[in-house]
Structure formats: structure tokens, C-alpha cells
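# Notes for the structure review
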Amino acid sequence: MKTLLVLSRLIDAITENIGKAVGWLILVAVLVSAGNAIVRKVFNTSSNAWLEAQWYLFGGAFMLAAAYTLAQNEHIRIDVVYGKFSRRVQHWIDLLGHLLFLMPFVLLMVYYLVPYVLMSFRSGEGSSSAGGLIVWPAKAILLAGFVLLAFQGVSEIIKKIAIMRGDMDDPAPYIPTHAPLEGTVAGEKGA
């Protein structure tokens, strides 16, 4: 289990570095968008390449940060149901969710995206819009996002098993976000 936990920490470190770095893609996307708007209004011209660059940047940020979101335990779940169970049951729910839903889905996506990206790359597929960008980098971003998510899924499975076995402390204890504040009525702060 110690070797698996070392692997998990390595995956977590890579995921964290990539997740924090791709946050800058949002800023670049906003700057490109603002530049497009200014050029369109001031010079009455536009470029499909710059419009598509915005999509690529935003898509890259979303896909490449998905694994980071999972690592930070910020993925979507139904808290009103999840929060009613003991922490041990919550760990089982997470483990089974990762094994039965997350991993089959991401592995299936990787399986289908590899030939999809390769075909696009080999053919030099370009945008259907005049003056648009080549398409394979956007498809490669999809593939990279799912590969990162698959690795992070493996890390999460390792950590859940280690936590449940008592080999490590829970790095992200669940704190319900919908519970009322202590000493208040219906969640409103007292005087």
C-alpha cells in the first residue's frame, strides 16, 4: 500500500500543478475575447481564428482542470443524500462511484478519443469556418483531459482504500455545505 500511496501522491502533485497552471487559460480567453470585441467594434472586422482560439482556451481550461477538481473533492454530488450517511458509508459511496461510474466512463472516452485524435491529426483536419484553426489540438485537449482524469481517478481509488483500511488520514473530511449555522434559526446569523 505504501508504494501505491507514493504513486497517488505523485499523481496528485502532477494534477495540482496542471490544474493551477491552466487557470491562466481563462485570463487569456478573456483577453482574446475582449480583443475580438474591440477589433470588431473599432475596425469593423473579425477573425474566425480568434473566435475559435477562445473556444480552445476555455475548453482547455475546463478539460485540463477536471482532474484537479476531482482531486480537490469539488466535484458534483447530491449533498442532501450524501450528508445523511456516516463518513465510512460516504467513503464506500465514493469508492464505488469511482470504480463503477468514473473509471469506466473515462477509460471508454480515452479508448474512443485516441483514434479520433489520430485521424484528425493525420488528415490535418481544419475548421469548417473560413480562416479557422486546425482542429486536432482541440481534440487532443479532450484526450489529455480524460487521461488526466483517469489517472486522478486511480489516485482517488488508492486514497479511499487507504483511508478505509486506516493507512492514512482523510485528507478531505466531508463538511456539509447545506447545514444551518450553529446557534441560528434557519441558517440566519444572530445578532
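Provided above is the structure to which this section pertains.
Residues numbered from 1 in each chain as written. Predicted model: local features only at pLDDT ≥ 70, side-chain atom pairs only at ≥ 80, totals over all residues. Heavy atoms only, no water.

### Digging into the nonpolar core
L102, M103, V106, L143, F146 and L149 are the most contacted members of the largest nonpolar core, which has 20 residues in total. Looking at this core, the elements with two or more residues in it are helix 2 (48-71), helix 4 (87-123) and helix 5 (136-165). Residue contacts for L143: discarding those within four places in its chain leaves V110, L113, V114 and V117. (Core = buried A, V, L, I, M, F, W, Y, C linked by side-chain atoms within 4.5 Å. Buried < 20%, exposed > 50% of the residue type's maximum accessible area, 1.4 Å probe, protein only. Helix = DSSP H or I, 4+ residues; strand = E, 2+ residues; numbered from the N terminus. Contact = heavy atoms within 4.5 Å.)

### Section: the packing of helix 4 against helix 5
Geometrically, a packed helix pair is captured by the angle between its two axes and the distance between the axes. Running from N to C, helix 4 and helix 5 cross one another at 155°; their axes reach a closest spacing of 8 Å. Relative to helix 5, helix 4 is oriented roughly antiparallel. Note on packing geometry: the crossing formed by helix 4 with helix 5 is left-handed. Looking at the contact of helix 4 with helix 5 residue by residue, the classes come out as 28 nonpolar, 4 polar and 6 charged. (Axes fitted to C-alpha atoms, helices over the stretch in contact; angles between N-to-C directions. Parallel < 35°, antiparallel > 145°, perpendicular 65-115°, else oblique. Left-handed = near helix turned anticlockwise from the far one by under 90°. Nonpolar A, V, L, I, M, F, W, Y, C, P; charged D, E, K, R; others polar.)

### Examining helix 1 (residues 2-43)
The end-to-end C-alpha distance of helix 1, which contains 42 residues, comes to 61 Å, matching closely the 62 Å that a straight helix rising 1.5 Å per residue would cover. Those residues of helix 1 lying buried are L5, S8, I11, D12, T15, G19, V22, A29, V32 and N36. Here the buried face of helix 1 lies against helix 2 and helix 5. At the C-terminal side of helix 1, N44 shows a positive phi close to 55°. (Expected span 1.5 Å × (residues − 1).)

### Regarding the packing of aromatic side chains
On inspection of all chains with the given rule, the structure shows 3 aromatic pairs. Note on F105 and F146: the rings are 5.7 Å apart at their centroids and 75° apart in plane angle, and the pair reads as edge-to-face. With F105 in helix 4 and F146 in helix 5, this residue pair connects regions lying 41 residues apart in the sequence. Seen in terms of ring centroids, Y111 and Y112 are 5.2 Å apart; in terms of plane orientation they differ by 80°. Their pairing is edge-to-face. The class for Y111 is exposed, based on a relative accessible area of 59%. Positioned over the ring face of Y116 is K139, at 4.0 Å from the centre of the ring. (Phe/Tyr/Trp six-rings, centres within 6.5 Å; stacked < 30°, edge-to-face > 60°. Lys NZ or Arg CZ within 6 Å of the ring centre and 35° of its normal.)

### Structural notes on a nonpolar patch on the surface
Taken together, L4, L7, L10, I14 and V154 make up a surface patch of nonpolar side chains, about 390 Å² in accessible area. Among the elements that line the nonpolar patch, the one with the most residues is helix 1, at 4 residues. Tracing the chain through its elements places I14 in helix 1. What makes I14 partly exposed here is its relative accessible area of 41%. (Patch = residues over 30% accessible without salt bridge, like charges linked within 9 Å, V, L, I, M, F, W, Y side chains within 5 Å. Areas by Shrake-Rupley, 256 points an atom, 1.4 Å probe, with all protein chains shown as cover. Salt bridge = Lys/Arg side-chain N within 4 Å of Asp/Glu carboxyl O.)

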